[in-house]
Amino acid sequence: MTGPVPELEDRAIACAKRLCAADRVLLASHIDADGLTSAAIAAQALERAGIPFETVFEKQLDEDAISAIADTDYDTVLFTDFGSGQLDVIGEYEDAGDLTPVIADHHQPADRETDYHLNPLLFGINGASELSGAGASYVLARALADVCSGSRAAAADGGERVDESRSSSEHRSDGGAVAESTGPTARADNRDLAALAVVGAVGDMQAAGGELHGANAEIVAEGVEAGVIETGKDLALYGKQTRPLPKLLEYATDVHIPGISNDANGALRFLDELDLELKRDGEWRRWAGLTSEEKQTVASALVRRAVSRGVPATKIDGLVSTAYVLSEESVGTELRDASEFSTLLNATARYERADVGLSVCLGDRGGALERARQLLREHRRNLSNGIDLVTREGVTQEDHVQWFHAGDRIRETIVGIVAGMAMGNAGISRSKPIVAFADKNDEEVKVSARGTHSLVRKGLDLSIVMGDASRAIGGDGGGHDVAAGATVPKGNEEAFVERADEIVGEQLS
Ligand SMILES: [Mn+2]
């Protein structure tokens, strides 16, 4: 066969053969949108290949987590969306004969090799923009279908089953439409799993430039061919499936349109002036339900408004991007839009409900989907309460940064998002990066920092700030230029702020 990413083909086949030779497999995956989709892809591929497995999730694959995995009875462990960066530790258990790792990851590998290591970075492919953990898992899944079909699946049917995740076929059989529209070939060779790989890549921010490219684009092409993905240029706003039209426009702040973005009444007035049926059966319509002509009407009016209010042309270009639609999901559900799907998964991950996220990925459209939606609603409520808290209590201004300490009043998993969203509110400047502390546990504090793209253009690199400032006080951190995080020992917050202030001052001078 020819897999979607030729550079990875040989390694993917070697990994698949190793999995196929195992009696059973422990599948360990990261907890975030990319990790959940990675696990769902791997789970379905193992299931279809007739390889018994069990799934575990970890927020962080630290030494304790690896040691617990090595302590299980499983000899073969498939790591997805992590494992490469921890190969030094995993390798010790491999050397001791405790486990054989098979890794499908896209993060920077530690200084150690292993035979069954599938990572785009080992083959000259960018792991931050061209292939995600879910993409690597998809490449592996395609190889598994090729290497491990037939005999193995038949043999396993009579055998003992140890997987606790429910089979995708069970879930999907009550979905009806799924079985009808995806040809048997796409399922037999796992190409239908491309939809989840796209959700993972989008969730990993790999479409940040407006569309997926490189190896990701190859996967999109396979998904289109298999009938599970549709792509096309569309409005680059979040919530096209689920948000009522006025909210879609009001909440869209990536490209700020004066008089519409962050302006509930303005967004309403803007829509009112268009010759458009805004409500149907008493309910606001949604973007996904508009005809192409109606979409055109709104999009052109948005562009005209942006131009007339002096939004720069480069920004206006950002109003349109490539949309990834999961064609088998119902119109008007968050699952139909790769970006909304990944947001839903992140909500389950943030509140440590990987089981819920995984079930949704595996096709549960009942209880798990409802629970996921509830988690997302709670998440949005927590964000808005957090933003209110920070705005009410204010931040402390230093020369080059501003900061606040939320203690245990904002969860450490969302304090960074809260900080970023609070920027621009009364008393919280957009001309300085913001540093936010929240308790992680009794000994450690989580620090998150957010900047703006305009600060980054002036030289700000928060990944360096967070890395250097945290290590100076016995912590560790990193991330991206515009958003980064660290974990530091409690009681050192002031020293951290002082150091961060110095570094930012140097970067922006
Ligand atoms: Mn990832």
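Residues numbered from 1 in each chain as written. Predicted model: local features only at pLDDT ≥ 70, side-chain atom pairs only at ≥ 80, totals over all residues.

*Asks:* Is there a simple way to explain the overall build of the protein chain in this structure?
*Replies:* Across its full length, the protein chain carries 22 helices and 15 strands. Taking 509 residues into account, the globule formula puts the C-alpha radius of gyration at 23 Å, and the protein chain, at 23 Å, falls close to it. Counting only C-alpha atoms, the protein chain reaches 65 × 60 × 40 Å along its principal axes. Scored against the burial criterion, the 509 residues of the protein chain give a buried share of 47%. Sequence-distant contacts, at least 24 apart, represent 68% of the contacts inside the protein chain between residues at least 6 apart. (Helix = DSSP H or I, 4+ residues; strand = E, 2+ residues; numbered from the N terminus. Rg over C-alpha atoms; globule rule 2.2 N^0.38 Å. Buried ≥ 20, exposed ≤ 12 C-beta atoms within 10 Å, placed from the backbone. Contact = placed C-beta atoms within 7 Å.)

*Asks:* I would appreciate a short explanation of helix α19 (residues 415-422) in the present structure.
*Replies:* Since one α-helical turn is 3.6 residues long, residues separated by three or four positions face the same way. Across the 8 residues that make up α19, a large majority, 7, are buried. Buried residues along α19 sit in contact with α18 (367-393), β12 (434-439), β13 (444-450) and β15 (483-489). Positioned one or two residues after α19, glycine 424 has a phi angle of 100 degrees, which is positive.

*Asks:* Teacher, can you tell me more about the sheet that holds strand β4 (residues 100-104) here?
*Replies:* The strands that make up a sheet are held in pairs by hydrogen bonds between backbone atoms, and each pair lies either parallel or antiparallel. Spatially, 5 strands are ordered β2-β1-β3-β4-β5 in an open sheet, and the strand pairing comes out parallel. Strand pairing shows two members of the sheet lacking a second neighbour, β2 (53-58) and β5 (117-118), which therefore form its edges. Bridge count for strand β1 (residues 25-30) against strand β3 (residues 76-80) is 5 bridges, and the pairing is parallel. By the bridge assignment, leucine 26 is partnered in β3 with valine 77. (Pairing = 2+ DSSP bridges.)

*Asks:* Is there a simple way to explain α18 in this structure?
*Replies:* The terminal C-alpha atoms of α18, which comprises 27 residues, lie 39 Å apart, in line with the 39 Å expected from a rise of 1.5 Å per residue. Ala368, Ala372, Leu375, Leu376, His379, Gly386, Ile387 and Val390 are the residues of α18 that are buried. Buried residues belonging to α18 abut α16 (338-350), α17 (354-361), β11 (402-405) and α19. Looking at the residues trailing α18, positive phi occurs at glycine 394, about 80 degrees. (Expected span 1.5 Å × (residues − 1).)

*Asks:* Teacher, can you tell me more about the UniProt feature "domain: DDH" (unreviewed entry) in the protein chain here?
*Replies:* Annotation from UniProt places "domain: DDH" (unreviewed entry) at residues 25-138. With 36% helix and 21% strand, the stretch residues 25-138 has end C-alpha atoms that lie 17 Å from each other. (UniProt positions renumbered as here; feature names shortened; annotations may be inferred.)

*Asks:* Would you mind showing me how to read the domain arrangement of the protein chain here?
*Replies:* Interfaces are frequently sized by the accessible area removed from exposure as the parts join. Per the domain assignment, the segments making up the protein chain are domain 1 (6-230), domain 2 (232-383) and domain 3 (394-508). Centre-to-centre separation of domain 2 and domain 3, based on C-alpha positions: 29 Å. (Domains from an automatic or database assignment.)

*Asks:* Please clarify how the pairing of β13 should be interpreted in this entry.
*Replies:* For a regular strand, side chains alternate in direction, first toward one face of the sheet and then toward the other. Burial analysis of β13 places 6 of its 7 residues in the buried class, which makes it a mostly covered element. Pairing of β12 with β13, which is carried by 6 bridges, proceeds in the antiparallel orientation. Across the sheet, residue valine 435 finds its bridge partner in β13, namely alanine 449. Hairpin connection between β12 and β13: a loop of 4 residues separates the two successive antiparallel strands. The pairing of β13 with β15 spans 7 bridges and is antiparallel. Along β15, the bridge assignment pairs valine 447 with alanine 486.

*Asks:* I'm lost on the sheet that holds strand β14 (residues 476-479) in this one. Help?
*Replies:* Spatially, 6 strands are ordered β10-β11-β12-β13-β15-β14 in an open sheet, and the strand pairing comes out mixed. The open sheet terminates on both sides in strands that have one partner only, identified here as β10 (396-397) and β14.

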